[in-house]
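Below, each chain spelled out in residue letters.
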Amino acid sequence: HFVTRLGFIGIKFSQEGVETLCDAIKSRNAEGQPIKGLALASCFEGGIDTRTLTTVLASTTSGSANEVVLNLRGNGMSSREAAIIA
């Protein structure tokens, strides 16, 4: 059995922490063990910034999974971040 979903709620991540997590997801995806769900709910003090959002999106779309669920609830995105998701 493999871990296919990760969830963090209320854990405040630094940029370095996000990059470490996303590198691990990319590594798993490259090895054919894709992460199919990632929740980072209320995890960014002051909201999620563009760089962090781009890093998260790049890691979750790097795998072979046909569908990936991404939960960014409670992170106070601005219209700039919404445009990146669109």
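Refer to the structure presented above.
Note that the structure is predicted; figures quoted are calculated from it, not measured.

**Observations regarding the pattern of salt bridges**
And step 1. Applying the stated criterion to the full structure yields 2 salt bridges.
And step 2. A salt bridge links Glu19 to Arg51; its shortest N-O distance comes to 2.6 Å. Pair noted here: Glu19 is in helix 1 (residues 15-30) and Arg51 is in helix 2 (residues 50-60), with a separation of 32 residues, a long-range link.
And step 3. Where Arg80 meets Glu81, a salt bridge forms, and the shortest distance between an N and an O atom there is 3.6 Å.
And step 4. A relative accessible area of 3% places Glu81 in the buried class.

**Structural notes on the packing of helix 1 against helix 2**
And step 1. Where helix 1 meets helix 2, the axes come as close as 8 Å, and the angle between the chain directions of the two elements is 15°. Viewed along their axes, helix 1 and helix 2 adopt a mutual orientation that is roughly parallel. Considering how the two elements wind past one another, helix 1 and helix 2 form a crossing that is left-handed. Residues Gln15, Val18, Glu19, Cys22, Ile25, Lys26 and Asn29 of helix 1 lie in contact with helix 2, whose contacting residues are Arg51, Thr52, Thr55, Val56, Ala58 and Ser59.
And step 2. Here the contact of helix 1 with helix 2 is built from residues that sort into 5 nonpolar, 5 polar and 3 charged.

**Description of the environment of Ala24**
And step 1. Mapped onto the elements, Ala24 comes out in helix 1.
And step 2. Looking at Ala24, the relative accessible area reads 41%, which means it is partly exposed.
And step 3. Along the sequence, Ala24 and Ser59 sit 35 residues apart, while their C-alpha atoms lie 8.7 Å from each other.

Analysis parameters
Residues numbered from 1 in each chain as written. Predicted model: local features only at pLDDT ≥ 70, side-chain atom pairs only at ≥ 80, totals over all residues. Heavy atoms only, no water. Salt bridge = Lys/Arg side-chain N within 4 Å of Asp/Glu carboxyl O. Helix = DSSP H or I, 4+ residues; strand = E, 2+ residues; numbered from the N terminus. Buried < 20%, exposed > 50% of the residue type's maximum accessible area, 1.4 Å probe, protein only. Axes fitted to C-alpha atoms, helices over the stretch in contact; angles between N-to-C directions. Parallel < 35°, antiparallel > 145°, perpendicular 65-115°, else oblique. Left-handed = near helix turned anticlockwise from the far one by under 90°. Contact = heavy atoms within 4.5 Å. Nonpolar A, V, L, I, M, F, W, Y, C, P; charged D, E, K, R; others polar.

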